Amino acid sequence: MAQESSHRVVLLVDENSNPFEMSCAIEVFGLRRPELRRELYDFTLCATEPNTRMRDGFFTLTGVAGLEAADEADTLIVPNRPDTDTPRSPGVLDAVRRAHARGARLVGFCSGAFTLAEAGLLDGRRASCHWMWADSFRARFPHVRLEPDVLFVDDGDILTASGSASALDLGLHLVRRDHGAEIANHVSRRLVFAAHRDGGQRQFVERPVPDVRDESLGPLLAWAQERLGDPLTVAGLAARAAVSPATLHRRFQAQLGTTPLAWLTGERVALACRLIERGEERLDVVAARSGLGTAANLRARVRRETGLSPSAYRRRFGTGAGEAVTA
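A few points on the structure. (Residues numbered from 1 in each chain as written. Predicted model: local features only at pLDDT ≥ 70, side-chain atom pairs only at ≥ 80, totals over all residues. Heavy atoms only, no water.)

1. Points about the overall build of the protein chain
Regarding its fold elements, the protein chain presents 13 helices and ten strands. Scored against the burial criterion, the 327 residues of the protein chain give a buried share of 49%. A separation threshold of at least 6 residues defines the contact pool for the protein chain, and within that pool the share at least 24 residues apart is 64%. Of the roughly 15,200 Å² of accessible surface on the protein chain, 52% is carried by carbon and sulfur atoms. (Helix = DSSP H or I, 4+ residues; strand = E, 2+ residues; numbered from the N terminus. Buried < 20%, exposed > 50% of the residue type's maximum accessible area, 1.4 Å probe, protein only. Contact = heavy atoms within 4.5 Å. Areas by Shrake-Rupley, 256 points an atom, 1.4 Å probe, with all protein chains shown as cover.)

2. Notes on the packing of helix α1 (residues 19-30) against helix α5 (residues 166-179)
One way to put it is that α1 packs onto α5 with a least axis distance of 9 Å and a crossing angle of 25°. Between α1 and α5, the crossing angle belongs to the class labelled roughly parallel. Seen along the crossing, α1 lies across α5 with a hand that is right-handed. Of the residues in α5, those touching α1 at Glu21, Cys24, Val28 and Phe29 are Ala167, Leu168, Gly171, Leu172, Leu174 and Val175. When the residues that make up the contact of α1 with α5 are grouped by side-chain class, the tally is eight nonpolar, one polar and one charged. (Axes fitted to C-alpha atoms, helices over the stretch in contact; angles between N-to-C directions. Parallel < 35°, antiparallel > 145°, perpendicular 65-115°, else oblique. Left-handed = near helix turned anticlockwise from the far one by under 90°. Nonpolar A, V, L, I, M, F, W, Y, C, P; charged D, E, K, R; others polar.)

3. Points about the packing of aromatic side chains
For any pair of aromatic rings, the description rests on two quantities: the centre-to-centre distance and the angle between the ring planes. In total, this model carries seven aromatic pairs according to the counting rule given. A ring pair is formed by Phe114 and Trp133, whose centres lie 6.5 Å apart and whose planes are at 90°; its orientation type is edge-to-face. Of this pair, Phe114 sits in helix α3 (residues 112-118) while Trp133 sits in the loop between β7 (126-127) and α4 (134-140); the two residues are 19 residues apart in sequence, bridging distant segments of the chain. Residue Phe114 is classed as buried on the basis of its relative accessible area of 0%. Look at Phe114 and Phe141: their rings are 6.0 Å apart centre to centre, the planes differ by 75°, and that puts the pair in the edge-to-face class. On the criterion of sequence distance, the pair formed by Phe114 in helix α3 and Phe141 in the loop between α4 and β8 (145-146) is long-range, its members being 27 residues apart. (Phe/Tyr/Trp six-rings, centres within 6.5 Å; stacked < 30°, edge-to-face > 60°.)

4. Focus on the packing of helix α10 (residues 260-277) against helix α11 (residues 283-290)
Contact geometry for α10 and α11: axes closest at 9 Å, N-to-C directions at 140°. The pairing of α10 with α11 is recorded here as oblique in orientation. Between α10 and α11 lies a crossing whose hand is right-handed. Taking contact as the criterion, the partners of Arg268, Leu271, Ala272, Leu275 and Ile276 in α10 are, on α11, Val286, Arg289 and Ser290. Split by residue class, the contact of α10 with α11 holds five nonpolar, one polar and two charged.

5. Remarks on the sheet that holds strand β9 (residues 152-154)
Spatial strand order, β2-β1-β5-β6-β10-β9: six strands in an open sheet with mixed pairing. Strands at the two margins of the open sheet, each flanked by one partner only, are β2 (42-47) and β9. Shown here is a sheet whose adjacent strand axes are inclined to one another by a mean of 15°, direction ignored. Bridge analysis of β9 against strand β10 (residues 158-161) gives three bridges, and the strand direction is antiparallel. From the neighbouring strand, Val153 faces β10, where its bridge partner is Thr160. (Pairing = 2+ DSSP bridges.)

See the structure below:
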């Protein structure tokens with residue numbers, strides 16, 4: 001029998017909200033996952049009105065819970081919409097403030113940062129929003145520490161994603177934070193989406209069409225992911241790709257919005273977390289197999305990525321903490 005989740009995620013939809021971000025939330029938090037033999041979240045969709053018109057009148061949302069459902073949320077995803085100059089309804093803002101006051105986690109996708117800022121919850125805090133609205137956001141909310149060129153910002157109990165697709169990045173980040181790297185990796189595979197893109201990566205990455213030959217990093221990344229325990233270096237990756245280190249760096253920035261070294265380190269930490277979850281207790285073995293070198297470096301990297309020591313991470317996400325992943 002599936003293990004029921006007690007963590008309630010509520011997505012609040014307002015007039016003219018974007019359907020894409022709503023779908024992202026449903027895909028990450030709302031789908032049943034019988035292959036995991038447990039439910040990750042108890043998901044509810046609610047709206048301010050019985051009939052809520054979605055963006056540009058594409059369709060009308062009906063038959064969902066009322067605004068009172070927001071008062072039961074452990075995680076509340078706040079409304080977003082393209083008309084950022086129109087104030088949110090007082091009922092929505094009051095619901096968001098109540099959720100924050102009782103300790104719920106708040107999440108804003110894309111222009112959802114405007115909702116959180118209008119509620120007065122972002123002053124003095126870090127946040128992200130879509131690059132198109134960065135200037136407008138700064139002008140209206142000068143006390144918010146806007147980070148305009150990142151995928152998402154995790155500021156503890158309030159998290160914001162910059163644009164449409166980064167809603168998936170932030171959603172997977174939350175799954176990783178709540179359930180560990182192994183479960184997040186499973187959810188990403190089902191989505192056919194990148195398992196881990198760090199929030200600090202750039203929102204806008206150039207993807208030039210090559211004139212002659214394929215310059216995609218895909219083959220190189222796949223090759224490196226199979227050899228993370230080897231002494232890989234940026235120079236070695238460049239040699240494998242038959243380019244100079246400077247050219248490789250430019251391609252990583254253009255295609256992934258990060259550097260080769262940052263990508264390699266992130267992949268090694270993710271592998272280390274999966275090894276810990278699967279039951280490997282010897283930190284020197286985890287460090288060697290993941291390419292992090294030493295137990296001391298492993299401890300530092302895992303703590304920096306997850307906020308937990310390896311032993312605390314094992315207690316929280318190891319196979320003894322819940323049922324094993326079967327797919």
